[in-house]
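What the coordinates show
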Amino acid sequence: MHNPWEDIDLNDYEGHMSLDSVYQLQVLSQIMKEQFYSYDVRNIMILGIAGGNGLEHIDKNRFTKVYGVDVNRQFLQESRERYCHLEDVYETICTDLLRDELQLPTSELLIANLLVEYIGYQCFQKVVKLVGPRYISCTIQINTGESFVSDSPYLHAFDNLEQVHHQMEEQALVESMLEIGFGVIKRTETRLPNEKKFVTIDFVK
Ligand SMILES: C[S@@+](CC[C@H](N)C(=O)[O-])C[C@H]1O[C@@H](n2cnc3c(N)ncnc32)[C@H](O)[C@@H]1O
């Protein structure tokens, strides 16, 4: 099945996400810095890495491998060009996580920020089992207002994402991770403009 994320232009995505009224790109970058350095791990897999937001915090002397996974080939290519100084450690994997015959390498820390929204809890469980991490850190968006996409001049670029979007519930995510042996070790809330907030939850096996 064709994934509507493959048709999104990176300029539209990042233009929208970095608007003053959205401000999610900037906030996610800070969240990722915290995710990278909270645990004693040497390799990381980042699901839904888009254009590489957050990679500016990677210290290549500390990490032996950082995988960036995304369904959009253009996003991944741009991320490699932007972070070419990380070429010894940064490796991209272009795949649709919703595919049946998915294959992924293992990693000690699995990061998924605003990604479970687009694959659902069950598929995320499948991905976690394949990657076999010790730690998982997920950021989900909680809406207190109406739409999952904030109003902006870029809004219509995202119309087709409705097809793959799942509304997130914190408790349901926690339960789905518990089912496969992961318990919560940390929870952080970050307020955003437009009546939205991020909740970041870290799990350990
Ligand atoms: C909302 S963005 C994530 C934000 C990103 N983590 C950041 O810091 O800007 C969702 C990302 O997940 C990717 N994605 C969505 N569904 C996917 C799937 N089924 N398989 C792989 N990547 C997917 C999209 O292409 C997009 O880059």
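Scroll up for the structure.
Nothing here was measured: the structure is a model prediction, and the numbers come from that model.

Now for the overall build of the chain. A count of helices and strands for the chain gives five helices and seven strands. When the helices and strands of the chain are placed in sequence order, the string is α-α-β-β-α-β-β-α-β-α-β-β. The C-alpha radius of gyration of the chain comes to 16 Å, within 12% of the 17 Å expected for a compact globule of 205 residues. Overall size of the chain, expressed as C-alpha extent along the three principal axes, is 40 × 40 × 35 Å. Looking at the chain as a whole, 33% of its 205 residues qualify as buried. Of the contacts made within the chain by residues no fewer than 6 positions apart, 71% connect residues no fewer than 24 positions apart.

Sheet strands line up and pair through hydrogen bonds in the backbone, either parallel or antiparallel. Taken in spatial order, the seven strands of this open sheet run 3-2-1-4-5-7-6, and their pairing is mixed. Two strands close off the open sheet at either side, each with one partner strand: strand 3 (90-94) and strand 6 (183-192). Recorded for the sheet is a direction-independent mean angle of 20 degrees between the axes of neighbouring strands. Of the pairings in the sheet, the one linking strand 2 (residues 65-70) to strand 3 comprises five bridges and is parallel in character. Bridged to Tyr-67 within strand 3 is Glu-91. Here helix 2 (residues 24-37) sits on the sheet and contacts strand 1 (43-47), strand 4 (109-113), strand 5 (135-143), strand 6 and strand 7 (196-204); the angle it forms with strand 4, its principal contact strand, is near 165 degrees. Helix-sheet contacts for helix 5 (residues 170-179) involve strand 5, strand 6 and strand 7, and the interaxial angle to strand 5 is about 160 degrees.

Let's shift gears to helix 1 (residues 10-17). Within an α-helix, residues lying three or four positions from one another point in the same direction, as the helix has 3.6 residues per turn. For helix 1, the complete set of buried residues consists of Tyr-13, His-16 and Met-17. For helix 1, the arc enclosing every buried residue in end-on projection is 95 degrees, short of the 170-degree limit, so these residues lie on one face. Looking at the buried residues of helix 1, the elements they touch are helix 2.

This part covers the site of the ligand. Near the ligand there are 21 residues, and of these Trp-5, Gly-48, Ala-50, Val-71 and Leu-97 occur at the shortest range. Taken together, the elements giving at least two residues each to the shell around the ligand come down to helix 2 and helix 4 (116-131). For the shell around the ligand, the per-class residue count stands at 13 nonpolar, six polar and two charged.

Relative orientation of the contacting elements helix 4 and helix 5 amounts to 30 degrees, with a least axis distance of 9 Å. The angle between helix 4 and helix 5 places the two elements in the roughly parallel class. The chirality of how helix 4 crosses helix 5 is left-handed. Contact residues: Val-116, Tyr-121 and Gln-125 in helix 4; Ala-172, Leu-173, Ser-176 and Glu-179 in helix 5. Within the contact of helix 4 with helix 5, the residues separate by chemical class into four nonpolar, two polar and one charged.

Glancing now at the environment of Val-184. Note on placement: Val-184 falls in strand 6. C-beta crowding within 10 Å serves as the criterion here: with 14 such atoms nearby, Val-184 is assigned to the partly exposed category. Along the sequence, Val-184 and Phe-158 sit 26 residues apart, while their C-alpha atoms lie 32 Å from each other. Not counting chain neighbours up to four residues away, the residues in contact with Val-184 comprise Val-174, Ile-201 and Phe-203.

Criteria and cut-off values
- Residues numbered from 1 in each chain as written.
- Predicted model: local features only at pLDDT ≥ 70, side-chain atom pairs only at ≥ 80, totals over all residues.
- Helix = DSSP H or I, 4+ residues; strand = E, 2+ residues; numbered from the N terminus.
- Rg over C-alpha atoms; globule rule 2.2 N^0.38 Å.
- Buried ≥ 20, exposed ≤ 12 C-beta atoms within 10 Å, placed from the backbone.
- Contact = placed C-beta atoms within 7 Å.
- Pairing = 2+ DSSP bridges.
- Axes fitted to C-alpha atoms, helices over the stretch in contact; angles between N-to-C directions.
- Arc of directions from axis to C-beta.
- Near = placed C-beta within 6 Å.
- Nonpolar A, V, L, I, M, F, W, Y, C, P; charged D, E, K, R; others polar.
- Parallel < 35°, antiparallel > 145°, perpendicular 65-115°, else oblique.
- Left-handed = near helix turned anticlockwise from the far one by under 90°.

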